[in-house]
Amino acid sequence: MFRSKAEQKVRDAGYDPARLPPGQYLTEKWPVLHAGEVPHTDLATWTFRVFGEVEQPLELTWDAFNELPRSSNVHDIHCVTRWSRFDTSFEGVHWRELAALVRPKPSARFVVAHAEHGFTTNVPLGSIEAENALLATHADGEPLTPDHGFPLRLVVPGKYFWKSAKWLRALELTSTDQPGFWERYGYHNDADPWREQRYGF
Ligand SMILES: Nc1nc2c(c(=O)[nH]1)N[C@H]1C(S)=C(S)[C@@H](COP(=O)(O)O)O[C@H]1N2
Ligand SMILES: [Mo]
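Quantities reported herein were computed from a predicted structural model and do not represent experimental measurements.

Details of the site of ligand 1
Part 1 of the argument: Around ligand 1 lies a shell of 18 residues, among which Pro 31, Ala 35, His 148, Arg 153 and Lys 166 are the nearest.
Part 2 of the argument: In this structure, an oxygen atom belonging to ligand 1 sits 2.8 Å away from a main-chain N or O atom of Pro 31.
Part 3 of the argument: The contact in question runs from an oxygen atom of ligand 1 to an N or O atom on the side chain of Lys 166, over 2.5 Å.
Part 4 of the argument: Notes on ligand 1: free accessible area 540 Å², of which the protein chains cover 99%.
Part 5 of the argument: A class-by-class count of the residues in the shell around ligand 1 yields 13 nonpolar, three polar and two charged.

Focus on the pattern of salt bridges
Part 1 of the argument: All chains considered together, the criterion is met by 10 salt bridges.
Part 2 of the argument: We note a salt bridge from Glu 7 to Arg 11, for which the minimum N-O separation is 3.9 Å. Of this pair, Glu 7 and Arg 11 both sit in helix 1 (residues 5-12), four residues apart, which is roughly one turn of that helix.
Part 3 of the argument: One network of salt bridges, with partners in common, ties together Arg 19, Asp 76 and Asp 87.

Here we look at the packing of aromatic side chains
Part 1 of the argument: Considering all chains together, one arrives at 15 aromatic pairs under this definition.
Part 2 of the argument: Here the aromatic rings of Trp 46 and Trp 62 are separated by 5.2 Å at their centres, their planes lie at 90°, and the arrangement is edge-to-face. Linking Trp 46 in the loop between strand 1 (25-26) and strand 2 (47-52) with Trp 62 in helix 2 (residues 62-65), this pair joins segments that are 16 residues apart in sequence.
Part 3 of the argument: Through a chain of ring-to-ring contacts, three or more aromatic side chains come together here, namely Phe 119, Tyr 160, Trp 162, Phe 181, Trp 182, Tyr 185, Tyr 187 and Tyr 199.
Part 4 of the argument: Sitting over the ring of Phe 86, Arg 19 keeps its end group 4.6 Å from the ring centre.
Part 5 of the argument: When the ring centre of Phe 51 is taken as origin, the NZ or CZ atom of Arg 49, which lies over that ring, is 4.3 Å away.

Regarding the sheet that holds strand 6 (residues 110-115)
Part 1 of the argument: An order of 3-2-11-6-7 is seen for the five strands of this open sheet, with the pairing classed as mixed. Two strands lie at the open edges of the sheet, namely strand 3 (58-61) and strand 7 (120-124), each paired on one side alone. Pairs of neighbouring strands in the sheet enclose a mean axial angle of 15°, with direction left out of account.
Part 2 of the argument: One ladder, built from four bridges, connects strand 2 with strand 3; its direction is antiparallel. Paired with Phe 48 across the bridge in strand 3 is Leu 60.

Some details on the environment of Lys 5
Part 1 of the argument: Tracing the sequence through the fold places Lys 5 in helix 1.
Part 2 of the argument: Lys 5 gets classed as exposed once you look at its relative accessible area, which sits at 79%.

Remarks on the side chain of Thr 137
Part 1 of the argument: Along the polypeptide, Thr 137 turns up in strand 8 (residues 134-139).
Part 2 of the argument: Residue Thr 137 is classed as buried on the basis of its relative accessible area, which comes to 3%.
Part 3 of the argument: A polar side-chain atom of Thr 137 sits 2.6 Å from a polar atom in the side chain of Arg 70.
Part 4 of the argument: In contact with Thr 137, not counting residues within four places along its chain, are Trp 62, Phe 65, Asn 66, Arg 70, Glu 91, Gly 92, Glu 142, Pro 143, Leu 144, Pro 151 and Leu 152.

Some points on the nonpolar core
Note that soluble globular proteins tend to have their nonpolar side chains buried in a common cluster.
Part 1 of the argument: Core analysis: the largest hydrophobic core is formed by 30 residues, its most contacted members being Phe 48, Trp 95, Leu 135 and Leu 171.
Part 2 of the argument: Looking at this core, the elements with two or more residues in it are strand 2, strand 3, helix 2, helix 3 (95-102), strand 6, helix 4 (125-129) and strand 11 (168-174).
Part 3 of the argument: Sequence-distant contacts of Phe 48, defined by excluding residues within four places in its chain, comprise Leu 58, Glu 59, Leu 60, Phe 65, Leu 98, Leu 135, Leu 152, Leu 168, Arg 169, Ala 170 and Leu 171.
Part 4 of the argument: Core analysis: the next-biggest nonpolar cluster, separate from the first, contains 16 residues, Ile 77, Cys 79, Leu 134 and Leu 144 among them.

What counts and what doesn't
Residues numbered from 1 in each chain as written. Chains lettered and ligands numbered in written order. Predicted model: local features only at pLDDT ≥ 70, side-chain atom pairs only at ≥ 80, totals over all residues. Heavy atoms only, no water. Near = heavy atom within 4 Å. Polar contact = N/O pair within 3.5 Å; in protein donor to acceptor, adjacent residues only side chain to side chain. Areas by Shrake-Rupley, 256 points an atom, 1.4 Å probe, with all protein chains shown as cover. Nonpolar A, V, L, I, M, F, W, Y, C, P; charged D, E, K, R; others polar. Salt bridge = Lys/Arg side-chain N within 4 Å of Asp/Glu carboxyl O. Helix = DSSP H or I, 4+ residues; strand = E, 2+ residues; numbered from the N terminus. Phe/Tyr/Trp six-rings, centres within 6.5 Å; stacked < 30°, edge-to-face > 60°. Lys NZ or Arg CZ within 6 Å of the ring centre and 35° of its normal. Pairing = 2+ DSSP bridges. Axes fitted to C-alpha atoms, helices over the stretch in contact; angles between N-to-C directions. Buried < 20%, exposed > 50% of the residue type's maximum accessible area, 1.4 Å probe, protein only. Contact = heavy atoms within 4.5 Å. Core = buried A, V, L, I, M, F, W, Y, C linked by side-chain atoms within 4.5 Å.

Laid out in structure tokens, this is it:
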């Protein structure tokens with residue numbers, strides 16, 4: 001049976017090739033990808049906000065954020081530029097801990113993730129409610145490096161990795177879907193790697 005080079009590489013690395021979405025290749029490094037500069041973050045003045053369609057908007061300092069209960073999970077990450085990295089472990093805070101504080105209104109159906117320098121990305125609320133979503137402070141057992149989103153990044157399961165905003169500063173709950181930074185440049189709104197939803201609607 002014909003096997004693509006990409007699939008063979010996954011097999012050689014000891015993984016099930018069924019884990020590789022179409023058009024992707026496995027990398028064992030962790031590439032760094034983003035638009036613009038890596039922000040400099042001062043934890044003393046950093047805040048994280050939840051606002052929009054919620055009963056009780058919230059703003060937390062870094063210390064307060066770190067008092068929330070913690071969770072961890074493991075992800076295969078898939079960049080739209082075609083690299084995939086398996087078994088990346090993340091640790092941080094699950095959305096449910098924030099939802100208990102802000103109480104989303106019934107009208108809340110979508111989320112706009114707001115990051116440093118005005119980067120945004122949009123997902124359905126269900127994507128961050130998912131059991132294996134996370135607001136991550138750590139990856140592979142260490143605090144996030146500046147390149148990978150220090151001090152906080154979103155990790156959205158089941159979507160190309162551009163939906164996982166680095167340098168996350170706020171989550172805005174919305175009643176209608178608002179395209180984010182890459183989505184306005186023509187990236188696919190839904191971004192499912194298994195359906196190769198890279199560009200266009
Ligand atoms: N704030 C911000 N987050 C971002 C991006 C960005 O440009 N700005 N790029 C996205 C893209 S396209 C990818 S593939 C991942 C890359 O994450 P990594 O650099 O940790 O691999 O971050 C995503 N999150
Ligand atoms: Mo990406």
